[in-house]
Number of protein chains: 4
Amino acid sequence: METQAGFLPRPSADLLAQLEHIYQDLHANPELSMQEHRTAAIAAAWLRQQGYEVTEGVGGTGVVGVLRNGDGPVVLLRADMDALPIQESTGLPYASDKTGTDRFGQATSIAHSCGHDMHVAWLMGVACILAENRPAWRGTVMAVFQPGEETGQGARAMIEDGMVKRFPRPDVTLGQHVMPLSAGQIGWRTGTILSAGDSWEVTMFGRGAHGSMPQKSIDPVVMAASAVMRLQTVVSREVAMTEAAVVTVGTLRAGMSENVIPDRALLRLNVRTFKTEVRTRVLAAVKRILEAEAQASGAPKPPEFSVLSEFPLTRNDEAATRKVVAALEQHFGADRVSEISPATASEDFGLFGTAWNTPSVFWMIGGIDPVRYEEAVKAGKVDELPANHAPDFAPVIDPTLRTGIEAMLTAASAWLCRGGTGAV
Amino acid sequence: METQAGFLPRPSADLLAQLEHIYQDLHANPELSMQEHRTAAIAAAWLRQQGYEVTEGVGGTGVVGVLRNGDGPVVLLRADMDALPIQESTGLPYASDKTGTDRFGQATSIAHSCGHDMHVAWLMGVACILAENRPAWRGTVMAVFQPGEETGQGARAMIEDGMVKRFPRPDVTLGQHVMPLSAGQIGWRTGTILSAGDSWEVTMFGRGAHGSMPQKSIDPVVMAASAVMRLQTVVSREVAMTEAAVVTVGTLRAGMSENVIPDRALLRLNVRTFKTEVRTRVLAAVKRILEAEAQASGAPKPPEFSVLSEFPLTRNDEAATRKVVAALEQHFGADRVSEISPATASEDFGLFGTAWNTPSVFWMIGGIDPVRYEEAVKAGKVDELPANHAPDFAPVIDPTLRTGIEAMLTAASAWLCRGGTGAV
Amino acid sequence: METQAGFLPRPSADLLAQLEHIYQDLHANPELSMQEHRTAAIAAAWLRQQGYEVTEGVGGTGVVGVLRNGDGPVVLLRADMDALPIQESTGLPYASDKTGTDRFGQATSIAHSCGHDMHVAWLMGVACILAENRPAWRGTVMAVFQPGEETGQGARAMIEDGMVKRFPRPDVTLGQHVMPLSAGQIGWRTGTILSAGDSWEVTMFGRGAHGSMPQKSIDPVVMAASAVMRLQTVVSREVAMTEAAVVTVGTLRAGMSENVIPDRALLRLNVRTFKTEVRTRVLAAVKRILEAEAQASGAPKPPEFSVLSEFPLTRNDEAATRKVVAALEQHFGADRVSEISPATASEDFGLFGTAWNTPSVFWMIGGIDPVRYEEAVKAGKVDELPANHAPDFAPVIDPTLRTGIEAMLTAASAWLCRGGTGAV
Amino acid sequence: METQAGFLPRPSADLLAQLEHIYQDLHANPELSMQEHRTAAIAAAWLRQQGYEVTEGVGGTGVVGVLRNGDGPVVLLRADMDALPIQESTGLPYASDKTGTDRFGQATSIAHSCGHDMHVAWLMGVACILAENRPAWRGTVMAVFQPGEETGQGARAMIEDGMVKRFPRPDVTLGQHVMPLSAGQIGWRTGTILSAGDSWEVTMFGRGAHGSMPQKSIDPVVMAASAVMRLQTVVSREVAMTEAAVVTVGTLRAGMSENVIPDRALLRLNVRTFKTEVRTRVLAAVKRILEAEAQASGAPKPPEFSVLSEFPLTRNDEAATRKVVAALEQHFGADRVSEISPATASEDFGLFGTAWNTPSVFWMIGGIDPVRYEEAVKAGKVDELPANHAPDFAPVIDPTLRTGIEAMLTAASAWLCRGGTGAV
């Protein structure tokens, strides 16, 4: 019995050349989260050109392109579009020198240090091949170009903008991410593949006073410092040795002058977990501690918490993942398709599957030059290769571009019906 | 035997009216530390008009006016000129709406919330009366308009600019400050009247990493937080119950994002003490703790310390102070001249006396409306009256302006020789 | 006008010799707080022999001797009797080698390292001279030998045992303490002379677990450690630079094994203050912090507090103190009677004055050999002389014994009426 | 092909009855680590009776019995003998009411709360069956009754006492432990099965002083408290989310009085890890922090560290474990033999294998009544079943006794040669 994989052609040299050009242009013109106007316009124009029904402005700058091609399953293919507030240091000819203003109002450089430009190019390639080969398959493809993944805003914004009601319910949602694996390699995992990520901004309130009169103050610097020390105990005392959690206070800001006690302190913190029950306990402990620290100081009011982002666990459906892996192994050979450990990164991709209550699968595509990767393995320095969010991270275009297009096409074809003479 | 006090006239109504106008203009046009160009120009022009030899630009914007009036003692009279990075809230018709850029590069409102505008007006009045009454006295008067007192930069800058070599050695240096005492009242003290103030900026170095990988970081947020907690022990454990010290960390800044561990933390701290040996021990303890905290974290290098300001103890010479107090009591009556406790504020006035190794005396002039002050006393709320550096602090012009002029004139006359027929 | 001082004779050489013998015996036979059976029996027998009405067992081992000698003021003279759980290291021929069991059930050495044995000898001498010279004075003398001063239990126990109802109301209560001043010298002060002292035992509750499973515990070691760090902020942030307070956690005990997380931690802490409002604020802050730390840990219940001791401020009545000082200066000469700073030690002597609402005066008697003291002054090492509670502290008998007897006799005679027809 | 398993008989009813009696006697007469005199004597007498060459007093109370039975492999079978300083609360008729003195000099109850009495009974049974069935096998069996496992002293002591030189080198070392699995079940794992455990006693040195004079002290209570807080950061910041470590400070003891600052603090801490590189990093961080905390306090000398115990990782040789598992599955059926996760407990069993550089295998035998276990599973409360070291932990005798004997006999027979007519 022939499997479904393989009934769609590989990308042509022409298409790859065109997409490489587009990729370099996107890389040189990165846009911050929820500001992806130029990128979205490029994706939308491309989809229209291929004959997709295109909806723009979904949840801000989101783009949804639907290609209905006869009866059959509905497959959602997702790419995220946003870049990071980072100063690129790759030295590439197409490196970014763009700047902008981030969500905290800070001026910043911008760079595609997480590789979403590659994700966009992949999905554009997949969309094109599907459109140009309609006779070969049946079903509906929904290409989703999502804004604001880095800040956890985009998938939520699209869903809150009516995604579920406005578009067909998919039978499966598929997504992929470039990672510091050897280029040409694919990594998969059933169950939890990415951690949940919860980020809070916390304001702790004290009372200001001149630095010489602490007795008139409620010192928020001391309050916040004590809170930071206490927060270390969440992981060290409240999470079992055999479970995993991280609580990072990435930002602590209070005061400006040396001799004026400020009236508040700002903390921004991030929690990562791999299990719902661990997440629940950790978040409750963080809240309990911050509130008690305010009480220990005699604070005039409890801390204020606001959610900066809330990334769910990225969990791959067991059966759907097996189906994807079988197709990938047949297409690429088993030696290019490996099971990987869960990663401590987070994604909002999973929200689509949850919103429609439909299985979803997310996998990893290597982006590191294979020779360089091999050398790092030999030297025991794989950990030191540039990873996502490092200023010098950028995938090698070949074979990364090709591999991602083929992988998503192959995964999609595991659901889509074979076209042709009516055979299924 | 007649005392020296009283051989100089009180300010005329005309002079007071003129100075009130000048005071209001200065108040409405405050200038930040080391940027007192307009104020200095006003003072210099005034001194020149009175016949002083005027040197401008001493230590930046400092002004020194010398009036040589025959043989006799040299008396240095000092006023400071700078305002504060504060948004004034007095609601006065002549309130400031000026803005500028502070020493940390931050945009800020500016206000004369410490009353240095009054100090300038006082010394202008004193300079005028001395100049207009040369026959009544003999000696040399040196009027010093100092920049940058608030930041502890000004006196040092003037001294480093050759003050001691370029100008006559005074027999005494005299200074006065407006304070939240009842207007018309004068406060004095022998020995230590103001605390030493030492301010440091400290950078603690860690290693940055993604928030999900603390094991790759040396977390400077935790390092700084632990340091802040440990610094509390300097006062609680290393200073005797019967001694006094304050260690305030007014600023703690690290990171910007919630999920990126930064690579350093910035602290700005201020230490106040009343005794040299306590100061020495406290500063050593602060340094020891910050260095050990870096070691506890395994920091890549020790903290870097830079001195933001270094205010000496303001100590009044015993004999010179008794001389000033005797003159003041004779002029104002003993009920307007009171001994006060040392204050936790700091001044760089003392550096002049130290530079020339000459006695110095510093005293306080009340600035609060007497009726309001009395009500606060009755209500037990003297502590709640607006104090220096509060946004709603501003002295009542009358009798504060008059009192300060007469007080400095009286104190100066305790050294200057009586003029006329040679009698002393 | 002749003062009252001086109408009673100085101690005879015979009496001094007898008292020296008694003192050495008491020194060699110290008894812990509330266990002063032998000492009390010696004092009671002595008083009876002199003709006093003696009541024993007041508040445990307290002894009250009343000598009614005609109309006139009532004067309470107090000595405390208890020793300390300390291993004496004086090397004196009459040093203690006694042992016993302290209030926490611990076996311990015992020594009179606070000099209460001298206090007992002083009061025995005074009682004897008063009894033997009844014609010279009129009034009532009440000699009080108090137990348990070190633990703050004794004065309270006597008062709770009906002291106020069972004995005459004194016109003044007088007490004195041997201190590391030069022997022969007397130190006095109006107002606060000794700090208030509050000691608490605090149990913080967690939940025990095996050391490998902190997630099943609520770790009381971490809870107590965080509490200790936070308690440092009471003095560093909540007490003004110009006020005085000490918060010492003298004991922290939790767990026994290295790999079992215990279920509770024990803290014993001591607070010293010189002002009622500072004491109130500090004690409230200590309680607030300990309770909030339990909450930060998610403790199963709030900490339990028990008062170990509660020493009031020792405050000398202004008028009564002036009266004592005038008498002492006349008797000893002004150069042996000096004003001193408040000491950080604490006493329960003040409770008697409070209980009867009567003025009280407490002063210090030097006990250090004058030659040794003088050398320490010259070397700037007065601070290093053995002080009360040091294992090598013991007063020189001469002139300390004599001075204390004469001082108390002189102070008492400032209240007692002169007797007879002018006879002395 | 017939496997080796099964050529030795199961224990007879008589033997089981005899061993049950012995087990109950051992349980009622527990002995603390390195004090197992009675237990060792019972084991030695038993071995002698069976014809083993017996050496007593190896490493204190260790017993080694060697049974040479022709050419063939040498198999080391190990049981540990010591009990715990715990008050038993099982309510069993044969519960312990014994008391003794632990290694810290504390009086304590003693109980077999870790099940080593069962281990002794198992090995006695195995030794008997092997001795009674010599014709059935060939090779050498070495029965090792080890002291002091709980304190990590025993295996080390035996090895330091010449174990390797005095006895034959085994081809494999085998050990087993009773655990809160369902009785009759066996758990196994290749690679790391138990964590490394390192326990240190740390003395931090300060300087003592009266509680009112912290400035004369270097407060070890504050030093230790700060150290405990800082130690939390080892797990929270220096161990990757995906790695495992525990750092528990089980004991913190400083001071006795509330108003005396002690001169030192005692900490006892325990570290658990599953990987050598994590262990190395964690132990280095603990040391670094404790030393830096002493420096932060200005301690008179660095902390003193002493190793309380040092349990290696218990790692099962891959090939040897597969061999044991195959034999167990054949004997018990696959449904009674399951792979388990690594446990956070520690053992010194691995030291024997390391000393001889020979493979070792350690497995778990269930001890919980199966009905009770099943109910706990259904209620989701397996975690709440009494576990080793709980005062109410004790295995059910049947089938635990039988299962352990058969398991060890089966595992041994996977190495021993089959006897009889020479066939293997």
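Labelled according to an unreviewed UniProt entry, chain A appears under the name Hippurate hydrolase, originating from Acidocella aromatica.

Caption draft 1: Fine view of the overall build of chain A. The helix and strand inventory of chain A stands at 11 helices and 19 strands. On the principal axes, the C-alpha backbone points of chain A span a range of 85 × 50 × 45 Å. The long-range share in chain A, meaning contacts at least 24 apart out of those at least 6 apart in sequence, stands at 83%. Roughly 14,900 Å² of accessible area belongs to chain A as shown, and the carbon and sulfur atoms make up 49% of that amount. Averaging the coordinates of the 37 positive side-chain charges in chain A and doing the same for the 48 negative ones gives two points 6 Å apart.

Caption draft 2: Region of interest: the relation of the copies chain A and chain B. Once turned by 180° and shifted 0.1 Å along the axis, chain A lies on chain B with an RMSD of 0.1 Å. What the superposition gives is, in effect, a two-fold axis relating one chain to the other.

Caption draft 3: Geometry of the UniProt feature "domain: Peptidase M20 dimerisation" (unreviewed entry) in chain A. This chain's UniProt record puts "domain: Peptidase M20 dimerisation" (unreviewed entry) on residues 199-294 of chain A. Taken end to end, residues 199-294 of chain A comprises 40% helix and 32% strand; its first and last C-alpha atoms sit 20 Å apart.

Caption draft 4: Structural context of the sheet that holds strand S12 (residues 245-254) of chain D. Taken in spatial order, the eight strands make up an open sheet running S15(C)-S10(C)-S14(C)-S12(C)-S12(D)-S14(D)-S10(D)-S15(D), and their pairing is antiparallel. Bordering the open sheet on either side are strand S15 (304-311) of chain C together with strand S15 (304-311) of chain D, each of which pairs with just one other strand. Sheet twist, expressed as the mean angle between neighbouring strand axes with direction ignored, is 25°. Both strand S10 (residues 196-205) of chain D and S15(D) contribute to a ladder of seven bridges, which runs antiparallel. Bridged to Ser199(D) within S15(D) is Ser309(D). The sheet contacts of helix H6 (residues 220-238) of chain D involve strand S12 (245-254) of chain C together with S10, S12 and strand S14 (264-273) of chain D, and relative to S12(D) the element is tilted by about 175°. Strand contacts of helix H7 (residues 276-297) of chain D: S10, S12, S14 and S15 of chain D, with the helix running at about 10° to S10(D), the strand carrying the most contacts.

Caption draft 5: Spotlight on the interface of chain C and chain D. At the junction of the two partners, chain C supplies 42 residues and chain D supplies 42 residues. A combined buried area of about 3,500 Å² lies between chain C and chain D, and 55% of that area is made up of carbon and sulfur atoms. Here chain C is connected to chain D by three salt bridges. Ionic pairing is found between Arg103(C) and Glu258(D), a salt bridge with its closest N-O pair at 3.1 Å. The interface formed by chain C and chain D includes 18 residue pairs in polar contact (both at pLDDT 80 or more). Elements represented by at least two residues in the side of chain C that touches chain D include exactly helix H6 (220-238), S12, strand S13 (260-261), strand S14 (264-273) and S15 of chain C. Considering every element that reaches the side of chain C that touches chain D, the biggest residue donor is S12(C), with eight residues. When grouped by side-chain class, the residues that make up the side of chain C that touches chain D number 18 nonpolar, 17 polar and seven charged. Pairing geometry for S12(C) and S12(D), over three bridges, is antiparallel. Bridge pairing links Leu252(C) to Ala254(D) in S12(D).

Caption draft 6: Spatial organisation of unusual backbone geometry. Of note, the bond from Asp398(A) into Pro399(A) is cis; its omega dihedral lies within 30 degrees of zero at 10°. Within the element layout of this structure, Pro399(A) appears in helix H11 (residues 397-413). Residues other than glycine seldom take positive phi values, yet Met34(B) does so here, at roughly 70°. Among the secondary structure elements, Met34(B) is positioned in the loop between helix H1 (13-28) and helix H2 (37-50). Given a relative accessible area of 25%, Met34(B) falls into the partly exposed group.

Caption draft 7: Inspection of the interface of chain A and chain B at higher detail. If you look at the interface, chain A gives 42 residues, while chain B gives 42 residues. Of the roughly 3,500 Å² buried between chain A and chain B on both sides combined, carbon and sulfur atoms contribute 54%. Looking at the side of chain A facing chain B, the largest losses of area belong to Arg253(A), Met256(A) and Glu258(A), adding up to 22% of the total buried there. Remark: the boundary between chain A and chain B carries three salt bridges. Between chain A and chain B we count 18 residue pairs in polar contact (both at pLDDT 80 or more) in total. Secondary-structure elements contributing two or more residues to the side of chain A that touches chain B are helix H6 (220-238), strand S12 (245-254), strand S13 (260-261), strand S14 (264-273) and strand S15 (304-311) of chain A. Taken together, the residues of the side of chain A that touches chain B break down into 18 nonpolar, 17 polar and seven charged.

Caption draft 8: Structural view of the nonpolar core. Counting 133 residues, the largest nonpolar core has Val286(A), Val286(B), Val286(C) and Val286(D) as its most contacted members. Setting aside residues no more than four positions away along its own chain, Val286(B) makes contact with Trp200(B), Leu231(B), Val234(B), Val247(B), Leu269(B) and Val271(B). Phe7(C), Val63(C), Met81(C) and Ala136(C) belong to the second-largest nonpolar core, a separate cluster that totals 67 residues.

Caption draft 9: Broad picture of the relation of the copies chain C and chain D. Between the two copies, chain C and chain D, the superposition gives an RMSD of 0.1 Å; the rotation angle is 180° and the shift along the axis is 0.1 Å. The residues that chain C uses at the interface reappear at the interface of chain D in 100% of cases, marking a shared surface.

Caption draft 10: Here's a closer look at the pairing of strand S6 (residues 137-146) of chain B. Residues and elements named next belong to chain B. Counting buried residues in S6 gives nine out of 10 residues, a clear majority hidden from the surface. Sheet topology places strand S2 (residues 62-69) next to S6; seven bridges connect them, and they run antiparallel. Counted as the bridge partner of Val-63 is Phe-145 from S6. In the sheet, strand S3 (residues 74-80) pairs with S6 via seven bridges, with the strands oriented parallel. In the sheet register, Leu-77 faces S6, and the bridge partner there is Ala-143. As paired strands, S6 and strand S19 (residues 417-418) are joined by two bridges and run antiparallel to one another. Counted as the bridge partner of Trp-137 is Arg-418 from S19.

Rules of the game
- All chains use their own residue numbering, which begins from 1 and follows the written sequence.
- Chains carry letters from A onward and ligands carry numbers from 1 onward, assigned in written order.
- Owing to the predicted nature of the model, reporting of local features is limited to residues with pLDDT of at least 70; listing and counting of side-chain atom pairs is limited to 80 or more, with chain, interface and lining totals taken over all residues.
- With hydrogens and water stripped out, all remaining heavy atoms of the structure feed into the side-chain values.
- Secondary structure counts use DSSP, requiring at least four H or I residues in a row for a helix and at least two E residues in a row for a strand, with both numbered from the N terminus.
- Here a residue-residue contact requires only that any non-hydrogen atoms of the pair lie within 4.5 Å.
- In this description, accessible areas are obtained by the Shrake-Rupley approach with a 1.4 Å probe, and a residue is regarded as covered only by the protein chains that are shown.
- Think of it this way: Lys and Arg go in the positive column, Asp and Glu in the negative one, and His and the chain ends go nowhere.
- Taken as the charge location is NZ of Lys, CZ of Arg, CG of Asp or CD of Glu.
- What sets the superposition is a least-squares fit of C-alpha atoms, and only residues with pLDDT of at least 70 in both copies go into it.
- UniProt positions are given in the numbering used here, feature names are shortened, and annotations may be inferred rather than shown by experiment.
- Following DSSP output, two strands are said to pair if at least two bridges run between them.
- Fitted lines through C-alpha atoms give the axes, limited to the stretch in contact for helices. The angle between two N-to-C directions lies from 0 to 180 degrees.
- Summed over both partners, the accessible area (1.4 Å probe) lost when two parts come together is defined as the buried area.
- Throughout this description, the term salt bridge denotes a Lys or Arg side-chain nitrogen within 4 Å of a carboxyl oxygen of Asp or Glu.
- Counted as a polar contact is a pair of N or O atoms within 3.5 Å, where, for protein atoms, one must be capable of donating a hydrogen and the other of accepting one, and residues adjacent in sequence contribute only when both atoms are in side chains.
- Under the scheme applied, nonpolar residues are Ala, Val, Leu, Ile, Met, Phe, Trp, Tyr, Cys and Pro; charged residues are Asp, Glu, Lys and Arg; polar residues are all the others, including Gly.
- When a residue's accessible area, from a 1.4 Å probe over protein chains only, is under 20% of the maximum for its type it is buried; when over 50% it is exposed; and in between it is partly exposed.
- Put simply, buried Ala, Val, Leu, Ile, Met, Phe, Trp, Tyr and Cys residues joined by side-chain atoms within 4.5 Å make one nonpolar core.

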